[in-house]
Amino acid sequence: MNKQEDKSVNGDRADRKAGFAGLRSRLRLLYHSQSPVAQRFQAAVLIVDLAIIAFFIATPLLRENEAFLWIDYSIAALLLADLVARALASTDILRWLRQMPIIIDIFILATLLAPTWLVNLGFLRILRLWTLTRTSTFWRPLKKRRLGLYQEPIQAVINLLVFLFVVTGFVYTSFANRGDEPSIAGYVDALYFTVATVTTTGFGDITLPGTSGKLASIVIMIIGISLFVRLAQAIFRPAKVHFPCPQCGLQKHDPDAVHCKACGHILNIPDSGGH
(Lines give C-alpha, C1' and ligand atoms only; values in the text may rest on other atoms or scores of the structure.)
Protein backbone atom coordinates (compact mmCIF):
# COMPACT_ATOMS: atom_id res chain seq x y z
CA MET A 1 0.00 0.00 0.00
CA ASN A 2 1.49 3.34 -1.03
CA LYS A 3 1.34 6.53 1.00
CA GLN A 4 -1.59 7.93 -0.96
CA GLU A 5 -3.73 4.84 -0.31
CA ASP A 6 -2.67 4.83 3.34
CA LYS A 7 -3.78 8.44 3.73
CA SER A 8 -7.11 7.61 2.07
CA VAL A 9 -7.79 4.69 4.43
CA ASN A 10 -6.85 6.74 7.49
CA GLY A 11 -9.06 9.54 6.23
CA ASP A 12 -12.04 7.17 5.87
CA ARG A 13 -11.49 5.86 9.39
CA ALA A 14 -11.32 9.36 10.77
CA ASP A 15 -14.54 10.27 8.94
CA ARG A 16 -16.31 7.22 10.37
CA LYS A 17 -15.11 8.02 13.89
CA ALA A 18 -16.18 11.63 13.51
CA GLY A 19 -19.57 10.52 12.19
CA PHE A 20 -20.06 8.07 15.07
CA ALA A 21 -19.01 10.68 17.62
CA GLY A 22 -21.40 13.15 16.01
CA LEU A 23 -24.26 10.64 16.23
CA ARG A 24 -23.59 10.04 19.94
CA SER A 25 -23.44 13.78 20.54
CA ARG A 26 -26.79 14.34 18.80
CA LEU A 27 -28.43 11.52 20.74
CA ARG A 28 -27.02 12.88 24.00
CA LEU A 29 -28.56 16.25 23.24
CA LEU A 30 -31.91 14.73 22.29
CA TYR A 31 -32.16 12.59 25.43
CA HIS A 32 -30.68 14.97 28.00
CA SER A 33 -30.77 18.61 26.89
CA GLN A 34 -33.54 21.16 27.44
CA SER A 35 -33.71 22.60 23.92
CA PRO A 36 -37.17 22.83 22.26
CA VAL A 37 -36.26 20.08 19.77
CA ALA A 38 -35.04 17.81 22.59
CA GLN A 39 -38.17 18.45 24.65
CA ARG A 40 -40.39 17.51 21.71
CA PHE A 41 -38.34 14.36 21.15
CA GLN A 42 -38.51 13.41 24.85
CA ALA A 43 -42.28 14.03 24.90
CA ALA A 44 -42.71 11.74 21.86
CA VAL A 45 -40.60 9.02 23.51
CA LEU A 46 -42.65 9.34 26.72
CA ILE A 47 -45.95 8.98 24.80
CA VAL A 48 -44.64 5.88 23.01
CA ASP A 49 -43.47 4.42 26.35
CA LEU A 50 -46.90 4.96 27.93
CA ALA A 51 -48.58 3.31 24.92
CA ILE A 52 -46.23 0.33 25.29
CA ILE A 53 -47.08 0.05 28.98
CA ALA A 54 -50.82 0.11 28.12
CA PHE A 55 -50.16 -2.81 25.75
CA PHE A 56 -48.34 -4.69 28.50
CA ILE A 57 -51.30 -4.25 30.86
CA ALA A 58 -53.76 -5.44 28.20
CA THR A 59 -51.55 -8.35 27.02
CA PRO A 60 -53.49 -11.13 28.84
CA LEU A 61 -56.67 -9.96 27.11
CA LEU A 62 -55.04 -9.59 23.67
CA ARG A 63 -52.94 -12.76 23.57
CA GLU A 64 -55.49 -14.70 21.49
CA ASN A 65 -55.73 -11.94 18.87
CA GLU A 66 -54.21 -12.82 15.49
CA ALA A 67 -52.25 -9.55 15.38
CA PHE A 68 -50.74 -10.04 18.84
CA LEU A 69 -47.37 -11.37 17.70
CA TRP A 70 -46.97 -8.60 15.12
CA ILE A 71 -47.63 -5.97 17.79
CA ASP A 72 -45.31 -7.81 20.19
CA TYR A 73 -42.39 -7.87 17.73
CA SER A 74 -43.02 -4.24 16.69
CA ILE A 75 -42.77 -3.15 20.32
CA ALA A 76 -39.61 -5.24 20.66
CA ALA A 77 -38.10 -3.32 17.73
CA LEU A 78 -39.06 0.02 19.32
CA LEU A 79 -37.63 -0.97 22.71
CA LEU A 80 -34.42 -2.26 21.10
CA ALA A 81 -34.00 1.00 19.14
CA ASP A 82 -34.56 3.01 22.33
CA LEU A 83 -32.04 0.93 24.30
CA VAL A 84 -29.39 1.26 21.58
CA ALA A 85 -29.98 5.01 21.31
CA ARG A 86 -29.78 5.48 25.10
CA ALA A 87 -26.60 3.39 25.21
CA LEU A 88 -24.99 5.60 22.56
CA ALA A 89 -26.18 8.70 24.42
CA SER A 90 -24.49 7.59 27.65
CA THR A 91 -20.96 8.67 28.50
CA ASP A 92 -20.04 5.27 30.00
CA ILE A 93 -21.87 2.39 28.32
CA LEU A 94 -20.56 -0.31 30.69
CA ARG A 95 -21.67 1.61 33.78
CA TRP A 96 -25.00 2.32 32.07
CA LEU A 97 -25.52 -1.40 31.43
CA ARG A 98 -25.04 -2.20 35.13
CA GLN A 99 -27.97 0.00 36.20
CA MET A 100 -30.98 -1.97 37.46
CA PRO A 101 -33.59 -0.20 35.25
CA ILE A 102 -31.50 -1.05 32.17
CA ILE A 103 -31.14 -4.69 33.23
CA ILE A 104 -34.92 -4.89 33.66
CA ASP A 105 -35.49 -3.28 30.23
CA ILE A 106 -33.15 -5.82 28.61
CA PHE A 107 -35.06 -8.65 30.31
CA ILE A 108 -38.36 -7.17 29.07
CA LEU A 109 -36.88 -7.05 25.56
CA ALA A 110 -36.05 -10.77 25.86
CA THR A 111 -39.68 -11.58 26.76
CA LEU A 112 -40.80 -9.63 23.68
CA LEU A 113 -38.37 -11.37 21.33
CA ALA A 114 -39.27 -14.82 22.68
CA PRO A 115 -42.94 -14.50 23.73
CA THR A 116 -43.59 -18.24 23.38
CA TRP A 117 -40.57 -19.44 25.36
CA LEU A 118 -40.87 -16.80 28.10
CA VAL A 119 -44.67 -16.63 28.21
CA ASN A 120 -44.71 -17.42 31.96
CA LEU A 121 -42.51 -14.39 32.67
CA GLY A 122 -44.45 -11.97 30.49
CA PHE A 123 -46.22 -10.47 33.51
CA LEU A 124 -42.90 -8.85 34.51
CA ARG A 125 -43.14 -6.52 31.51
CA ILE A 126 -45.16 -4.07 33.60
CA LEU A 127 -41.89 -3.33 35.41
CA ARG A 128 -41.26 -1.09 32.40
CA LEU A 129 -43.49 1.46 34.17
CA TRP A 130 -41.14 1.38 37.17
CA THR A 131 -38.03 1.77 35.01
CA LEU A 132 -39.70 4.67 33.20
CA THR A 133 -40.12 6.54 36.48
CA ARG A 134 -36.37 6.21 37.08
CA THR A 135 -35.74 8.65 34.20
CA SER A 136 -35.76 12.43 34.40
CA THR A 137 -37.86 12.54 31.20
CA PHE A 138 -40.86 11.15 33.06
CA TRP A 139 -40.78 13.81 35.79
CA ARG A 140 -39.66 16.79 33.73
CA PRO A 141 -43.18 17.87 32.63
CA LEU A 142 -44.30 17.78 36.28
CA LYS A 143 -41.40 19.93 37.44
CA LYS A 144 -41.84 22.27 34.50
CA ARG A 145 -45.34 23.06 35.78
CA ARG A 146 -44.03 23.59 39.33
CA LEU A 147 -45.63 20.37 40.58
CA GLY A 148 -42.40 18.71 41.69
CA LEU A 149 -43.70 18.47 45.27
CA TYR A 150 -46.11 15.78 44.09
CA GLN A 151 -43.37 13.51 42.78
CA GLU A 152 -43.19 11.40 45.93
CA PRO A 153 -46.93 10.58 46.20
CA ILE A 154 -47.13 9.93 42.44
CA GLN A 155 -44.14 7.57 42.71
CA ALA A 156 -45.86 5.79 45.61
CA VAL A 157 -49.03 5.33 43.52
CA ILE A 158 -47.00 4.00 40.58
CA ASN A 159 -45.11 1.57 42.84
CA LEU A 160 -48.43 0.24 44.15
CA LEU A 161 -49.89 -0.11 40.63
CA VAL A 162 -46.78 -1.92 39.39
CA PHE A 163 -46.97 -4.29 42.34
CA LEU A 164 -50.67 -4.96 41.72
CA PHE A 165 -50.18 -5.82 38.06
CA VAL A 166 -47.03 -7.88 38.67
CA VAL A 167 -48.81 -9.93 41.33
CA THR A 168 -51.93 -10.23 39.16
CA GLY A 169 -49.82 -11.59 36.32
CA PHE A 170 -48.04 -13.99 38.67
CA VAL A 171 -51.32 -15.27 40.13
CA TYR A 172 -52.87 -15.64 36.68
CA THR A 173 -49.83 -17.46 35.28
CA SER A 174 -49.32 -19.74 38.28
CA PHE A 175 -52.83 -20.51 39.54
CA ALA A 176 -55.39 -19.92 36.77
CA ASN A 177 -57.34 -23.00 35.68
CA ARG A 178 -55.57 -25.21 38.23
CA GLY A 179 -57.63 -28.12 39.52
CA ASP A 180 -61.07 -29.41 38.61
CA GLU A 181 -62.91 -26.32 39.89
CA PRO A 182 -60.39 -23.48 39.75
CA SER A 183 -61.14 -20.35 41.75
CA ILE A 184 -59.24 -18.23 39.21
CA ALA A 185 -60.56 -18.81 35.71
CA GLY A 186 -59.30 -15.63 34.04
CA TYR A 187 -57.22 -12.47 34.33
CA VAL A 188 -60.04 -10.45 35.90
CA ASP A 189 -60.37 -13.07 38.65
CA ALA A 190 -56.62 -12.78 39.31
CA LEU A 191 -56.86 -8.98 39.52
CA TYR A 192 -59.88 -9.23 41.82
CA PHE A 193 -58.07 -11.66 44.13
CA THR A 194 -54.94 -9.46 44.20
CA VAL A 195 -56.83 -6.29 45.13
CA ALA A 196 -58.90 -8.12 47.76
CA THR A 197 -55.74 -9.62 49.27
CA VAL A 198 -53.63 -6.45 49.20
CA THR A 199 -56.42 -4.44 50.86
CA THR A 200 -56.89 -7.33 53.35
CA THR A 201 -60.60 -7.32 52.49
CA GLY A 202 -60.53 -11.11 52.17
CA PHE A 203 -63.98 -11.91 50.78
CA GLY A 204 -62.99 -15.58 50.56
CA ASP A 205 -64.84 -16.24 47.29
CA ILE A 206 -61.52 -16.62 45.43
CA THR A 207 -58.54 -18.34 47.07
CA LEU A 208 -55.26 -19.84 45.88
CA PRO A 209 -55.06 -23.62 46.24
CA GLY A 210 -52.49 -25.53 48.23
CA THR A 211 -49.64 -24.52 50.51
CA SER A 212 -47.96 -22.51 47.77
CA GLY A 213 -51.17 -20.49 47.36
CA LYS A 214 -51.32 -19.73 51.09
CA LEU A 215 -47.67 -18.66 51.16
CA ALA A 216 -48.17 -16.45 48.08
CA SER A 217 -51.19 -14.82 49.75
CA ILE A 218 -49.17 -14.07 52.89
CA VAL A 219 -46.37 -12.41 50.88
CA ILE A 220 -48.89 -10.39 48.85
CA MET A 221 -50.60 -9.12 52.02
CA ILE A 222 -47.37 -8.13 53.77
CA ILE A 223 -45.89 -6.27 50.79
CA GLY A 224 -49.27 -4.76 49.87
CA ILE A 225 -49.80 -3.33 53.35
CA SER A 226 -46.28 -1.86 53.30
CA LEU A 227 -46.97 -0.14 49.98
CA PHE A 228 -50.29 1.22 51.23
CA VAL A 229 -48.58 2.65 54.32
CA ARG A 230 -45.90 4.19 52.10
CA LEU A 231 -48.60 5.74 49.92
CA ALA A 232 -50.43 7.15 52.95
CA GLN A 233 -47.21 8.68 54.26
CA ALA A 234 -46.44 10.28 50.89
CA ILE A 235 -49.95 11.79 50.65
CA PHE A 236 -50.58 12.99 54.19
CA ARG A 237 -47.20 14.00 55.61
CA PRO A 238 -45.95 17.54 54.92
CA ALA A 239 -44.40 18.02 51.49
CA LYS A 240 -40.62 18.30 51.30
CA VAL A 241 -38.35 19.87 48.72
CA HIS A 242 -35.13 18.31 47.50
CA PHE A 243 -32.37 20.72 48.46
CA PRO A 244 -29.11 19.19 49.82
CA CYS A 245 -27.71 21.04 52.82
CA PRO A 246 -24.23 22.31 51.84
CA GLN A 247 -22.90 21.51 55.33
CA CYS A 248 -24.38 18.15 56.42
CA GLY A 249 -25.89 16.90 53.16
CA LEU A 250 -29.47 16.42 54.41
CA GLN A 251 -31.47 16.04 51.19
CA LYS A 252 -35.03 17.12 52.04
CA HIS A 253 -36.40 20.14 53.86
CA ASP A 254 -39.66 21.96 54.40
CA PRO A 255 -40.40 24.36 51.51
CA ASP A 256 -40.16 27.39 53.82
CA ALA A 257 -37.17 26.16 55.88
CA VAL A 258 -34.58 28.80 56.77
CA HIS A 259 -32.21 26.53 58.74
CA CYS A 260 -31.29 22.89 58.26
CA LYS A 261 -33.06 20.89 60.97
CA ALA A 262 -30.07 18.53 61.25
CA CYS A 263 -27.16 20.96 61.62
CA GLY A 264 -28.71 24.45 61.77
CA HIS A 265 -26.92 25.70 58.66
CA ILE A 266 -28.64 28.64 56.95
CA LEU A 267 -30.41 27.50 53.76
CA ASN A 268 -31.27 29.40 50.63
CA ILE A 269 -33.98 27.26 49.05
CA PRO A 270 -35.17 28.72 45.72
CA ASP A 271 -38.82 29.76 45.80
CA SER A 272 -40.58 29.23 42.49
CA GLY A 273 -43.84 30.75 43.72
CA GLY A 274 -44.93 34.33 44.15
CA HIS A 275 -45.36 36.42 47.28
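Residues numbered from 1 in each chain as written. Predicted model: local features only at pLDDT ≥ 70, side-chain atom pairs only at ≥ 80, totals over all residues. Heavy atoms only, no water.

Colleague: Outline the overall build of the protein, listing residues and values.
Modeller: The secondary structure content of the protein amounts to 10 helices and two strands. Written out in order from the N terminus, the α and β elements of the protein read α-α-α-α-α-α-α-α-α-α-β-β. Within the span of the protein, comprising 275 residues, buried residues form 34% of the whole. Taking contacts inside the protein between residues at least 6 apart in sequence as the whole, the part at least 24 apart equals 52%. For the protein, the accessible surface area stands at approximately 17100 Å², while carbon and sulfur atoms represent 64% of it. (Helix = DSSP H or I, 4+ residues; strand = E, 2+ residues; numbered from the N terminus. Buried < 20%, exposed > 50% of the residue type's maximum accessible area, 1.4 Å probe, protein only. Contact = heavy atoms within 4.5 Å. Areas by Shrake-Rupley, 256 points an atom, 1.4 Å probe, with all protein chains shown as cover.)

Colleague: Residue-level account of the confidence of the model for the protein, with values.
Modeller: In the predicted model, the protein carries a mean pLDDT of 80, and 85% of its residues have values of at least 70. Helix α3 (residues 68–89) holds the highest mean pLDDT among the elements of the protein, 90, whereas strand β1 (residues 241–242) holds the lowest, 69. (pLDDT = per-residue confidence, 0-100.)

Colleague: Run through the side chain of glutamine 42, naming residues and quoting values.
Modeller: The topology assignment puts glutamine 42 in helix α2 (residues 36–62). Of the residues examined, glutamine 42 reaches a relative accessible area of 5% and is grouped as buried. One polar contact links the side chain of glutamine 42 to the main-chain carbonyl oxygen of tyrosine 31, over a distance of 3.2 Å. (Polar contact = N/O pair within 3.5 Å; in protein donor to acceptor, adjacent residues only side chain to side chain.)

Colleague: I'd like to hear about unusual backbone geometry, residue by residue, with values.
Modeller: Residues apart from glycine generally show negative phi values, whereas peptide bonds are mostly found in trans. Backbone geometry places threonine 200, a non-glycine residue, at a positive phi of 55°. Here threonine 200 shows up in the loop between α9 (187–198) and α10 (210–236). What makes threonine 200 partly exposed here is its relative accessible area of 45%.

Colleague: Give a description of the packing of α3 against helix α5 (residues 100–113) that names residues and reports values.
Modeller: Packed helices, taken two at a time, are described by the angle their axes make and the gap between the axes. Between α3 and α5, whose axes approach to 9 Å, the crossing angle comes to 150°. As the angle between them shows, α3 and α5 are arranged roughly antiparallel. Considering the relative orientation of α3 and α5, their crossing is left-handed. Contact residues: Asp72, Tyr73, Ile75, Ala76, Leu79, Leu80, Leu83 and Arg86 in α3; Ile102, Asp105, Ile106, Ile108, Leu109, Leu112 and Leu113 in α5. Tallied by class, residues from the contact of α3 with α5 come to 12 nonpolar, no polar and three charged. (Axes fitted to C-alpha atoms, helices over the stretch in contact; angles between N-to-C directions. Parallel < 35°, antiparallel > 145°, perpendicular 65-115°, else oblique. Left-handed = near helix turned anticlockwise from the far one by under 90°. Nonpolar A, V, L, I, M, F, W, Y, C, P; charged D, E, K, R; others polar.)

Colleague: I'd love a proper account of the nonpolar core, names of residues and values included.
Modeller: Counting 19 residues, the largest nonpolar core has Phe163, Val171, Ile184, Phe193, Leu208 and Ile220 as the members making the most contacts within it. Elements with a minimum of two residues in this core: α8 (151–175), α9 and α10. Excluding anything up to four places from it in sequence, isoleucine 220 contacts Phe163, Val167, Val171, Phe193, Thr197 and Val198. Among the nonpolar cores identified, the runner-up in size contains 15 residues, and Ile52, Phe56, Leu79 and Ile104 belong to it. (Core = buried A, V, L, I, M, F, W, Y, C linked by side-chain atoms within 4.5 Å.)

Colleague: Give a detailed account of the packing of aromatic side chains, specifying residues and quantitative values.
Modeller: With the rule as written, the count across this model stands at seven aromatic pairs. Judged by centre distance (6.2 Å) and plane angle (80°), the rings of phenylalanine 170 and phenylalanine 175 are edge-to-face. Residue classification places phenylalanine 170 among the partly exposed residues on the basis of a relative accessible area of 32%. Relative accessible area serves as the criterion here: at 4%, phenylalanine 175 is assigned to the buried category. Three or more aromatic residues link up through ring pairs in this structure, and these residues are Phe55, Phe56 and Phe68. (Phe/Tyr/Trp six-rings, centres within 6.5 Å; stacked < 30°, edge-to-face > 60°.)

Colleague: Please set out a nonpolar patch on the surface residue by residue, giving values where relevant.
Modeller: Taken together, Leu215, Ile218, Val219, Met221, Ile222, Ile223, Ile225 and Val229 make up a surface patch of nonpolar side chains, about 670 Å² in accessible area. With respect to the helices and strands, the residue isoleucine 223 is situated in helix α10. (Patch = residues over 30% accessible without salt bridge, like charges linked within 9 Å, V, L, I, M, F, W, Y side chains within 5 Å. Salt bridge = Lys/Arg side-chain N within 4 Å of Asp/Glu carboxyl O.)

Colleague: Residue-level account of the environment of glycine 204, with values.
Modeller: Tracing the sequence through the fold places glycine 204 in the loop between α9 and α10. The exposed category is assigned to glycine 204, whose relative accessible area is 53%. Each C-alpha atom, one on glycine 204 and one on phenylalanine 193, is 9.0 Å from the other, the two residues being 11 residues apart in sequence.

Colleague: If you had to explain the environment of leucine 61 to someone new, which residues and values would you point to?
Modeller: Counting through the fold element by element, leucine 61 comes out in helix α2. Measuring from C-alpha to C-alpha, the distance between leucine 61 and valine 188 comes to 9.4 Å, with 127 residues separating the pair along the chain.

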